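Coordinate analysis (summary)
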Amino acid sequence: MTASSDVGTARRAAEQGAVARFLDAEARRALTARSTAKALAWFVPEFAAWLLLTALALAPFPWPLSLGFAAAAGLAIGVVFTVGHDASHQALTPHRWLNGLIARLAFIPSAHAASLWDVGHNRIHHGFTNLLGQDYVWAPMSPEQYRRAKPWRRALYRLYRSPAGHLPYYLIEMWWKKNLLPIAPETRGEWRRHAADSLFVLVAQALLIWGVVALGARLAPERPWQLSLALGWLVPFLVWNWLMGLVIYMHHTHPQIGWVARPEDWSVHGAAIAGTVEARMPGLLDSIDNHIMQHNAHHALPAIPMYHLAAAQQRLRRTFPEVLSLGISARSVGAVSRACKLYDPAAGCWRDFQGRVTARPKPGV
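Residues numbered from 1 in each chain as written. Predicted model: local features only at pLDDT ≥ 70, side-chain atom pairs only at ≥ 80, totals over all residues. Heavy atoms only, no water.

1. Details of the sheet that holds strand E4 (residues 349-351)
Filter applied, for reference: Each pair of strands is called paired provided DSSP finds at least two bridges between the two strands. Elements are defined by DSSP. Helices are runs of H or I of four residues or more, strands are runs of E of two residues or more, and each kind is numbered from the N terminus. A fitted line through C-alpha atoms serves as each axis, taken over the contacting stretch for helices, and the angle formed by two N-to-C directions is quoted from 0 to 180°.
Strand order in this open sheet of three strands is E3-E4-E5, and the pairing throughout is antiparallel. The sheet is open, and its two borders are formed by strand E3 (342-344) and strand E5 (357-359), each paired with just one other strand. Neighbour to neighbour, the strand axes of the sheet diverge by 45° on average, direction disregarded. In terms of strand pairing, E3 meets E4 through three bridges, oriented antiparallel. Each residue of the ladder has a partner; that of Tyr343, found in E4, is Trp350.

Here it is in structure tokens:
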């Protein structure tokens, strides 16, 4: 065993002990208790709210108001998605079959195949958070990778790493490549296992689009169907993709957080606690996000349902007061974007596109 392996093993053991202090056996039982009644009390009205906002976007209001309802429907897609996210973790209700059903229903507005999300999010992202070569969610290029990339790829990467990049990043790199069809390398080989979920999503989207156009023709027959489709489906879907791209970027990208190059230097609890940011939404949005922004506790123990996350995050912060916390704003997004362009694993620092050091995360973070 090498010296670095010794260090990695010792650190993992120390972190396991720290997490045991944060969640003793009694707290773990309480915080992972699941309730079907609570789950449905969250899911049913939130799904209904998405349907209502979609209908209001199609109603014959002046177009600025309709556009506002369409954007709100996009936010509602994000709220509904968090319920499906918990169900996919088998953390929402005590029943596996019901979790599977809720996940598939909750993923209809966002057009995500549940089994593909399970592979990419539950197994890869949670299993290898911020480990280079494994976790692909907002994984940064190194300076050497950027130099070797083709010009079109460098241009796209520069867009992704700008404040305007969250929408195209999630739409292209996450939704299209990973969560709609089994075309990604990690799912292509077992595409038959994912075919039914992908077909379900495609059929559901076709029915959703048909329903939006039909309801638009009923509520506002003077509008062209293309405008109804844009207000009831396209705009909400784009708002959702932007919101999701922004949220996961702010959860997992920060000048004080680095990425780990060697598996022996990585640990799941270090990534969950020190390598994840409690990035809170502004104002009212923070109260309707189903506590998903209290992200460290979720990464530390994904079995915690969203209706227990606030209490779990409070316990975690008392044990680990150094946990990074920030409010999502134009200023904070801009600051993170300026600092976190390329990650140099050899030097353990963030660099800009000119190669200048912009931030040096703490070792092991």
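2. Digging into the side chain of Ser228
Condition: Any two residues whose heavy atoms approach within 4.5 Å at even a single point are treated as in contact.
Position of Ser228 relative to the elements: it lies in helix H12 (residues 225-252). The contact partners of Ser228, leaving out residues within four places of it in the chain, are Leu58, Val212, Gly216, Arg223 and Trp233.

3. Description of the packing of helix H3 (residues 36-58) against helix H5 (residues 96-106)
Rule in force here: Angle categories are assigned with fixed cut-offs, so that under 35 degrees is roughly parallel, over 145 is roughly antiparallel, 65 to 115 is roughly perpendicular, and the rest are oblique. For a crossing to be left-handed, the near helix must be turned anticlockwise from the far one by less than a right angle; the clockwise case is right-handed. When residues are sorted by character, Ala, Val, Leu, Ile, Met, Phe, Trp, Tyr, Cys and Pro go into the nonpolar class, Asp, Glu, Lys and Arg into the charged class, and all the rest, Gly among them, into the polar class.
Packing of H3 against H5 leaves a shortest axis separation of 12 Å and a crossing angle of 15°. Of the possible angle classes, the one that applies to H3 and H5 is roughly parallel. Both H3 and H5 take part in a crossing whose hand is left-handed. Across the interface between the two elements, Thr36, Leu40, Phe43 and Phe47 of H3 pack against Leu98, Ile102, Leu105 and Ala106 of H5. When grouped by side-chain class, the residues that make up the contact of H3 with H5 number seven nonpolar, one polar and no charged.

4. With respect to a nonpolar patch on the surface
This is how it is decided: Candidate patch residues must exceed 30% relative accessible area and have no salt bridge, after which like charges are joined if within 9 Å and Val, Leu, Ile, Met, Phe, Trp or Tyr side chains if within 5 Å. Methods summary: accessible areas were calculated by the Shrake-Rupley approach with a probe of 1.4 Å, and residue burial reflects only the protein chains presented. Salt-bridge detection follows one rule: a side-chain nitrogen of Lys or Arg within 4 Å of a carboxyl oxygen of Asp or Glu. Buried means the residue's accessible area, taken with a 1.4 Å probe over protein chains only, is under 20% of the maximum for its type, while exposed means over 50%, and partly exposed covers the values in between.
There is a patch of nonpolar side chains on the surface, built from Trp97, Leu101, Leu105 and Phe200 and spanning about 400 Å² of accessible area. Broken down by element, the nonpolar patch gets its largest block of residues, three residues, from H5. Relative to the assigned elements, Leu105 resides in helix H5. You can call Leu105 partly exposed: its relative accessible area is 30%.

5. Some details on the environment of Val119
Tracing the sequence through the fold places Val119 in helix H6 (residues 114-125). Between the C-alpha atoms of Val119 and Lys178, which are 59 residues apart in sequence, the distance is 9.2 Å. Leaving out residues up to four positions away in the same chain, Val119 has contacts with Ile124, Glu186, Thr187, Arg193 and His194.

6. What about the packing of aromatic side chains?
The criterion, for reference: In this scheme Phe, Tyr and Trp rings, the latter by its six-membered ring, pair at centre separations within 6.5 Å, and the angle between planes marks the pair as stacked below 30 degrees, edge-to-face above 60, and tilted otherwise. In our convention, an over-ring charge means Lys NZ or Arg CZ found within 6 Å of a ring centre and within 35 degrees of that ring's normal.
Taken as a whole and judged by the stated rule, the model has 19 aromatic pairs. Each ring, one from Phe47 and one from Trp50, has its centre 5.2 Å from the other, and the planes form 70°; the classification is edge-to-face. Pair noted here: Phe47 and Trp50 are both in helix H3, with a separation of three residues, about one helical turn. The residues Phe47 and Trp50 share a single accessibility class, namely buried. The interplanar angle of 70° and the centroid separation of 5.1 Å between the aromatic rings of Tyr343 and Trp350 together place this pair among those described as edge-to-face. Each member of the pair Tyr343 and Trp350 is classed as buried. Taken together, the aromatic side chains of Phe81, Phe107, Trp117, Tyr170 and Trp240 make up a single cluster linked through ring pairs. Positioned above the aromatic ring of Phe353 is the side chain of Arg158, whose terminal nitrogen or guanidinium carbon lies 4.4 Å from the ring centre. Cation over ring: Lys178 sits above Tyr136, and NZ or CZ is 3.9 Å from the ring centre.

7. Concerning the nonpolar core
Quick note on the threshold: What is meant by a nonpolar core is a set of buried Ala, Val, Leu, Ile, Met, Phe, Trp, Tyr and Cys residues, joined one to another through side-chain atoms within 4.5 Å.
Counting residues in hydrophobic clusters, the biggest one holds 71 residues, and the most contacted among them are Trp50, Leu92, Tyr170, Met250 and Ile328. Discounting chain neighbours no more than four positions away, the residues touching Trp50 are Ala73, Ala76, Ile77, Val80, Pro109 and Leu208. Ile273, Ala297, Leu301 and Leu316 belong to the second-largest nonpolar core, a separate cluster that totals 15 residues.

8. Looking at the state of the cysteines
Quick note on the threshold: Two cysteine sulfurs form a disulfide in these notes if their separation is within 2.5 Å.
A full pass over the atoms with the stated rule returns zero disulfides. Cys340 takes part in no disulfide bond, and the closest cysteine sulfur, belonging to Cys349, lies 11 Å away. For Cys340, a relative accessible area of 0% gives the class buried.

9. Focus: the side chain of Asn130
Residue placement: Asn130 occurs in the loop between H6 and helix H7 (143-148). For Asn130, a relative accessible area of 3% translates into the label buried. Those residues in contact with Asn130 that lie beyond four places of it in its chain are Asp135, His252, Ile257, Gly258, Trp259, Val260, Trp266 and Gly275.

10. What about the packing of H3 against helix H11 (residues 191-219)?
Axis separation between H3 and H11 bottoms out at 9 Å; the angle between their running directions is 45°. As summarised for this structure, H3 and H11 are arranged oblique, according to the angle between their axes. Here H3 and H11 pass one another in a crossing that is right-handed. Seen from H3, the contacting residues are Trp50, Thr54, Ala55 and Leu58; seen from H11, they are Leu208, Val212, Leu215, Gly216 and Leu219. Along the lines of polarity and charge, the residues of the contact of H3 with H11 split into seven nonpolar, two polar and no charged.

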